[in-house]
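Chain and residue survey
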Amino acid sequence: MTTSSLLKLPIISADQRLAERRGVKGVLVGKSGIGKTSQLWTLDPIAALFIDLEAGDIAVDGWGGDTLRPRTWPECRDFAVFIGGPNPAVRDDQPYSQAHFDAVCARFGDPAVLDKYETVFVDSITVAGRLCLQWCKGQPQAFSEKTGKPDNRGAYGLMGAEMIGWLTHLQHTRAKNVWFVGILDEKLDDFNRRVYSLQIDGSKTGLELPGIVDQVVSLVELKADDGSSYRAFVCQTLNPWGYPAKDRSGRLDAIEEPHLGRLMQKIAGPARPALERLHFARPAAAAPSETSPESTSTEES
């Protein structure tokens, strides 16, 4: 390999990477009525775009930002490619391709109209899943090749692929913050333990979504020491309540104030030193109790 060929490698230096404008990609979950949509009030209305899938903007009546209202799954895909640009890895006959992007730009105009928006607020991923499933049930994959009858397995398989493709494309919109809002389900498992999960049709999206985005934040109601209730963001995976949470930035505490605007400012702030973000020490070994197998075998020997 020659020196000239090495110089052509598209290596991004540390200085270039750190100087890039990077948006936060996150999921905000919470039970119905907890105030997820109202987080729009914490965002700059000039720099935020509200993608209203739920027709639930009564909670932000008077908010001064712009809104998009897709009603079908193809519209959701069109807005995603318009916001995120084309994906060079897909063929022209696939969604999010250069051909798809060009066709959308021919209808919507110059995508530079979106440059003023720093944050895209998608409310909600739960409804996006319903629109996606409804569209998938009308596709050839949702019907049996032998009988021609509807095949739910094919429909849900297609839905999983469509949702992951949509989420991944928006996740690669590096320069913008993208937040997906979802409803948090609370159930009891076979051992009568509380289990929390994202409310969405199919299992694939709910399982893979935390691995796609940078942040998973649960907006919940907690109890203070005096018994009073307060709302808070739960932001770290290891939390005593078992709420879905993830912090890839390493900048958030386990509990943060329920203000999405200030939360993003903290995420974009100075990074903690590696020694503060990572714990290298091994857990201390627990001393064997009197009734433990270790102590029993020692006494017998």
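Notes on the structure in this doc start here. (Residues numbered from 1 in each chain as written. Predicted model: local features only at pLDDT ≥ 70, side-chain atom pairs only at ≥ 80, totals over all residues. Heavy atoms only, no water.)

**So, the overall build of the protein**
Condition: The numbering of helices and of strands both runs from the N terminus, where a helix is a DSSP run of H or I of at least 4 residues and a strand a run of E of at least 2. Any pair of residues with heavy atoms lying within 4.5 Å of one another is described as a contacting pair. Note on areas: Shrake-Rupley, 1.4 Å probe, and residue coverage restricted to the protein chains presented here.
Each helix and strand in the protein was counted, giving 10 helices and 10 strands. A fraction of 59% describes how many contacts in the protein between residues 6 or more apart in sequence connect residues 24 or more apart. Counting every atom, the protein has about 17900 Å² of accessible surface; 53% of that belongs to carbon and sulfur.

**Notes on empty space enclosed by the protein**
The condition is simple: Put simply, the grid is 1 Å and covers the protein atoms alone, a cavity is a trapped set of points that fit a 1.4 Å probe, a pocket is an open set with protein on both sides within 12 Å along at least five of seven lines, and lining residues have an atom within 4 Å of a point. Grid points are joined across faces, edges and corners, and a volume is the space filled by probe spheres set on the points.
For the structure shown, the criterion picks out 1 cavity of 30 Å³ or more. Taken as a whole, the largest cavity encloses approximately 40 Å³ of empty space. Along the walls of the largest cavity sit Ile 51, Pro 70, Cys 76, Phe 79, Ala 80, Val 122, Trp 166 and Leu 170, which together make up its complete lining. Contributing elements (two or more residues each) for the lining of the largest cavity: α3 (73-84) and α6 (152-171).

**Points about the packing of aromatic side chains**
Defined as follows: Any pair of Phe, Tyr and Trp rings, taking the six-membered ring for Trp, is counted once the centres come within 6.5 Å. Such a pair is stacked with planes under 30 degrees apart, edge-to-face with planes over 60 apart, and tilted for the rest. Per-residue accessibility, obtained with a 1.4 Å probe over protein chains only, is compared with the maximum for each type, and a residue is labelled buried under 20%, exposed over 50%, and partly exposed between these values. Here, a charge over a ring means that NZ of Lys or CZ of Arg falls within 6 Å of the ring centre while also lying within 35 degrees of the ring normal.
Per the stated rule, a full pass over the model turns up 8 aromatic pairs. The interplanar angle of 40° and the centroid separation of 4.5 Å between the aromatic rings of Tyr 196 and Tyr 243 together place this pair among those described as tilted. Of this pair, Tyr 196 sits in strand β6 (residues 194-198) while Tyr 243 sits in the loop between β8 (229-234) and β9 (246-247), and the two are 47 residues apart along the sequence. Exposure class is identical for Tyr 196 and Tyr 243. Each is buried. The rings of Phe 50, Trp 63 and Phe 121 are connected pair by pair, giving a single aromatic cluster. Directly above the ring of Trp 135 sits Arg 77, whose terminal nitrogen or CZ lies 4.8 Å from the centroid. In this structure, Arg 107 packs its charged tip against the face of Phe 108, placed 5.1 Å from the ring centre.

**Comments concerning the packing of α3 against helix α5 (residues 125-136)**
Note the cut-off: Only C-alpha atoms enter the line fits that serve as axes; for helices the fit covers just the stretch in contact. Angles between N-to-C directions range over 0 to 180 degrees. Between 65 and 115 degrees an angle is taken as roughly perpendicular, under 35 as roughly parallel, over 145 as roughly antiparallel, and anywhere else as oblique. Three categories are distinguished: nonpolar for Ala, Val, Leu, Ile, Met, Phe, Trp, Tyr, Cys and Pro, charged for Asp, Glu, Lys and Arg, and polar for the others, with Gly belonging to the last.
Two numbers describe how α3 lies on α5: the axes approach to 8 Å, and their chain directions differ by 120°. Compared by their axis directions, α3 and α5 come out oblique. Between α3, through Trp 73, Pro 74, Cys 76 and Arg 77, and α5, the contact on the second element is made entirely by Ala 128, Leu 131, Cys 132 and Trp 135. Tallied by class, the residues present in the contact of α3 with α5 amount to 7 nonpolar, no polar and 1 charged.

**Overview of a nonpolar patch on the surface**
Stated precisely, the cut-off is as follows: Only residues above 30% relative accessible area that lack a salt bridge enter a patch, with like-charged residues linked at up to 9 Å and the nonpolar side chains Val, Leu, Ile, Met, Phe, Trp and Tyr linked at up to 5 Å. Basic side-chain nitrogens of Lys or Arg form a salt bridge, by our definition, when they fall within 4 Å of a carboxyl oxygen of Asp or Glu.
On the surface, Tyr 230, Trp 241 and Ile 255 cluster together to form a nonpolar patch covering roughly 260 Å² of accessible area. With respect to the secondary-structure elements, Ile 255 resides in strand β10 (residues 255-256). The class for Ile 255 is partly exposed, based on a relative accessible area of 34%.

**Re helix α4 (residues 98-108)**
The line we're drawing: Starting at the helix axis, one direction is taken to each C-beta atom, and the arc is that of these directions.
Taken residue by residue, α4 has His 100, Phe 101, Val 104 and Cys 105 as its buried positions. Take α4 and look down its axis: the buried residues cluster within an arc of 130°, on one side only. In α4, the exposed residues that point more than 90 degrees away from the buried face are Ala 106 and Arg 107. On its buried face, α4 is in contact with α3. Gly 109, located one to two residues past α4, shows a positive phi value of around 100°.

**Notes on the pairing of β8**
Quick reminder of the rule: Strand pairing is assigned whenever DSSP identifies at least 2 bridges connecting the two strands.
When strand β7 (residues 215-223) meets β8, the two strands line up antiparallel, connected through 6 bridges. Across the sheet, the residue bridging to Leu 222 is Tyr 230, located in β8. Linking β7 back to β8 in an antiparallel pair, the connection comprises 5 residues, with Gly 227 at a positive phi of about 95°. Bridge count for β8 against β10 is 2 bridges, and the pairing is antiparallel. Considered in β10, the bridge of Val 234 is made with Ile 255.

**Re the nonpolar core**
This is how the line gets drawn: Nonpolar cores are built from buried Ala, Val, Leu, Ile, Met, Phe, Trp, Tyr and Cys residues. Side-chain atoms within 4.5 Å join them into one set.
Leu 53, Ile 125, Met 163, Trp 166 and Phe 180 are the most contacted members of the largest nonpolar core, which totals 49 residues. Counting residues in each nonpolar core, the second largest holds 21 residues, with Ile 34, Leu 40, Phe 233 and Leu 260 among its members.

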